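# Examining the three-dimensional arrangement
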Amino acid sequence: MIFGLIPYLYLNARIMAKEAKLVGPDKLEELISAPSVIEIVSALEETEYGEYLSDLAAESVEAVEDALLLQNAEIDEEIFKIIPKKVSDLFLFLKKKWDIHNLKVIFRGIDGGLSGEEINTRLIPAGEFDEITLKDLASCRSMEDFIAQLEETSYRDLASELAAYEKSKNLFYIEAKLDKIFLDSLWQKISNGKKKKLPLLIDYFTLKMDCINLKILLRAKRDALDLKEVEKYFVEGGSILPRLKEGFDGADLNDLITMLEETDYFQPLMETLPQYEKEGSLLPLEAVLDRLKVRKGKDMALKQPWAIGPLLGFLTSREEEMKKIKIIIKSKEMGLETEEIRNLLLEL
Amino acid sequence: MATDIIEGVKPTRMELLKLSHRESLADKGRKLLKEKRDALIAEFLEVVKDVRSARKDVESKLRTAYHDLFIAQALIGTRTVGEISGACSREIKVEFAIKNIMGVKVPILSMEKIVRKLNERGYGLVNTNSKLDEAARNFEEALELIIKLAEIEETVKKLAQEVEKTKRRVNALEYIIVPRLRATVKYIRMRLEEMERESFIRLKHIKATLESRG
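What counts as what
Residues numbered from 1 in each chain as written. Chains lettered and ligands numbered in written order. Predicted model: local features only at pLDDT ≥ 70, side-chain atom pairs only at ≥ 80, totals over all residues. Heavy atoms only, no water. Helix = DSSP H or I, 4+ residues; strand = E, 2+ residues; numbered from the N terminus. Rg over C-alpha atoms; globule rule 2.2 N^0.38 Å. Buried < 20%, exposed > 50% of the residue type's maximum accessible area, 1.4 Å probe, protein only. Contact = heavy atoms within 4.5 Å. Areas by Shrake-Rupley, 256 points an atom, 1.4 Å probe, with all protein chains shown as cover. Lys, Arg positive; Asp, Glu negative; His and termini not counted. Charge placed at Lys NZ, Arg CZ, Asp CG, Glu CD. pLDDT = per-residue confidence, 0-100. Buried area = accessible area lost by both parts, 1.4 Å probe. Salt bridge = Lys/Arg side-chain N within 4 Å of Asp/Glu carboxyl O. Polar contact = N/O pair within 3.5 Å; in protein donor to acceptor, adjacent residues only side chain to side chain. Nonpolar A, V, L, I, M, F, W, Y, C, P; charged D, E, K, R; others polar. Core = buried A, V, L, I, M, F, W, Y, C linked by side-chain atoms within 4.5 Å. Pairing = 2+ DSSP bridges. Axes fitted to C-alpha atoms, helices over the stretch in contact; angles between N-to-C directions. Parallel < 35°, antiparallel > 145°, perpendicular 65-115°, else oblique. Left-handed = near helix turned anticlockwise from the far one by under 90°.

## Overview of the overall build of chain A
On a plain count of helices and strands, chain A comes out with 19 helices and zero strands. What you see for chain A is a C-alpha radius of gyration of 21 Å, in line with the 20 Å of a compact globule of 348 residues. Its C-alpha atoms give chain A principal-axis dimensions of about 55 × 55 × 50 Å. Per-residue burial for chain A yields a buried fraction of 55% across its 348 residues. Here the analysis covers contacts within chain A between residues at least 6 apart in sequence; of these, 62% occur between residues at least 24 apart. Put simply, chain A shows about 16,000 Å² of open surface, and 53% of that area lies on carbon and sulfur atoms. A gap of 5 Å separates the mean positions of the 48 positive and 65 negative side-chain charges of chain A.

## A few points about the overall build of chain B
Check the secondary structure of chain B and you find three helices and two strands. N-terminal to C-terminal, the α/β element order of chain B is α-α-β-β-α. For 214 residues, the compact-globule estimate of 2.2 N^0.38 gives 17 Å, and the C-alpha radius of gyration of chain B, at 35 Å, exceeds that figure by more than 25%. In terms of overall dimensions, chain B has C-alpha extents of about 130 × 30 × 25 Å along its principal axes. Relative to its 214 residues, chain B shows a buried fraction of 38%. In chain B, the share of contacts with a sequence separation of at least 24, taken over all contacts with a separation of at least 6, comes to 80%. When the accessible surface of chain B is summed, it comes to about 13,200 Å², and 56% of that surface belongs to carbon and sulfur atoms. Computing the positive centroid from 44 side-chain charges and the negative centroid from 34, chain B places the two 7 Å apart.

## Quick notes on the environment of I146 of chain B
Residues and elements named next belong to chain B. Within the secondary structure layout, I146 lies in helix α3 (residues 130–213). Each C-alpha atom of the pair I146 and M111 lies 12 Å from the other, and the pair is 35 residues apart in sequence. Non-local contacts of I146, meaning those with residues more than four positions away in its chain, are made with V58 and L62.

## Description of the confidence of the model for chain B
Within chain B, residue pLDDT values average 92, and 99% of them lie at 70 or more. Overall fold confidence (pTM) sits at 0.86, and the ipTM for the predicted complex is 0.91.

## Structural notes on the interface of chain B and chain A
The partner chain A presents 40 residues to the 33 residues of chain B that form the contact. Between chain B and chain A, the buried area comes to about 3,300 Å², and carbon and sulfur atoms account for 55% of it. Linking chain B to chain A there are six salt bridges. Two residues, E229 of chain A and K117 of chain B, come together in a salt bridge whose shortest N-O distance is 2.8 Å. Run the count over chain B and chain A and you get 22 residue pairs in polar contact (both at pLDDT 80 or more). Listing elements by their share of the side of chain B that touches chain A, those giving two or more residues are α1 (13–76), α2 (78–87) and α3 of chain B. The element that contributes the greatest number of residues to the side of chain B that touches chain A is α2 of chain B, accounting for seven residues. The residue inventory of the side of chain B that touches chain A, partitioned by class, reads 11 nonpolar, 12 polar and 10 charged.

## Details of the nonpolar core
Of all hydrophobic cores here, the largest spans 98 residues; its most connected members are I79, F91, F146 and Y265 of chain A. Top element by residues in this core is helix α12 (residues 199–222) of chain A. It accounts for 14 residues. Ranked by size, the runner-up nonpolar core spans 37 residues in total, among them V41, L283 and I328 of chain A together with A74 of chain B.

## Comments concerning α2 of chain B
Along α2 of chain B, the residues that are buried comprise T78, T80, V81, E83, I84 and A87 of chain B. Looking at the packing, one finds that the buried side of α2 of chain B touches α5 (61–82), α6 (93–111) and α18 (309–333) of chain A together with α1 and α3 of chain B.

## Observations regarding the pairing of strand β1 (residues 94–101) of chain B
As paired strands, β1 of chain B and strand β2 (residues 104–111) of chain B are joined by eight bridges and run antiparallel to one another. Its bridge partner being in β2 of chain B, K99 of chain B is matched across the sheet by V106 of chain B.

## Some points on the environment of K204 of chain B
Residue placement: K204 of chain B occurs in helix α3. Distance from K204 of chain B to K165 of chain B, taken between C-alpha atoms, is 56 Å for residues 39 residues apart in sequence.

## A closer look at the packing of α6 of chain A against α2 of chain B
At a minimum axis separation of 8 Å, α6 of chain A and α2 of chain B run at an interaxial angle of 40 degrees. Taken together, α6 of chain A and α2 of chain B sit at an angle that is classed as oblique. The handedness of the crossing between α6 of chain A and α2 of chain B is left-handed. Judged by residue contacts, V105, R108 and D111 of chain A of α6 of chain A engage T80, E83, I84 and A87 of chain B from α2 of chain B. By residue class, the composition of the contact of α6 of chain A with α2 of chain B is three nonpolar, one polar and three charged.

What follows is the structure, given as structure tokens:
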């Protein structure tokens, strides 16, 4: 038993060190109280983001966001390298998510008529694709060329959506398919073979996939879409999809949430439903699901402190930190008062 | 203030008849134009009310849309939202037609459906959120309202121009043309009476001369 935990000792020591460097409540308060974006950047220079912020070309919100992404990408690469070899393939998503990010930047750029050089400046140098492949993809002048170049990769199935895109010039088909390819393969990897070894990882991703599907269902329901219009873009995995799909077409949003009875999602969503009805916005419901994810991630860090718990906890905390910093910077740029920013952080 | 008369007019019965006819025509025209002006003003005030409420709708819709956009940018990232919006752009065809309101040609703008469904906007559903949908929907609805507002504002502009034009015409008729015609008619009438009197005296004088010779 104890031998099984040895590979995680180094990983967890590094993760704990990284966790300690996350932006704490005091620093967060300093960022909230900073008078402008420039001051926020100065305050962040003392954190792990400092290295990436010190040579910003411009102190715009976009430039800061790019720096945050770069830092995140490097941390992911670093973590991936120290994950025990026997489970590292289960954490390939730490690399692949940057491929997905870059592929989206590229095809949005191609669709929006940006030049290869312009697209290149927006790419994050991380993930499984090397620099030359990314450059080649960015230099494609049509979606057909772009998808053809992905023929030899795990994204070859994007070709199935090309006809729908060409007919409608609607990137939804390509983007939704790309997300599905990534998340389905992630789920298949996690739920097969090594399942017994990492039940915690399955738990973590069950919640993640549930939240993704639930958010898609809520948004589709609010927009009065039929199930068949979004069905093929639901991601595999999770625990709630079959029961929701079954009653989707005849149900309203309230019914949809009622169908979740006996799950962890039911009570918090039901409690937030009056706020949705009052404001007409789905955001409070989405925020509830995000908070569930954060709580789950943090619980896992405590549940299995000697295995992958701390890693999952760290990934969750870092995602949360990034979200908060982005909200603060954008709010500051928009000229929101300190108190308004505090309230926004609580709401979102 | 003494009213001018039409220059170069000959004080003849023929001219008197012509001018009297013109005077009554001008007066009738003045009354008709006055009625048109009043009707245009009533229509104008009605449309102005629409402008006010349409403008208010646009402002409120845009305020909500910009707030939603801000939240979406804060959560998804300003850069990413920018990229998504670049890829979601499209051409919207607006068709023009003309409607006639009391002789005033005003535009009617019609367009294809602007508000799109969730799966028609060009972005995926995994790394985006409902605030982006709400921002997009509110901007699309705002665009519909803006096009409607453009139609109403152009109608108001055209009606205002017509009211102004009609008012100028009514004023010209009421304060210049009709009084001048009236004064000219009066002048000719007086001149004819004077000529009649002169002729009467001349005849009387001739008669007296003939009688004294006889």
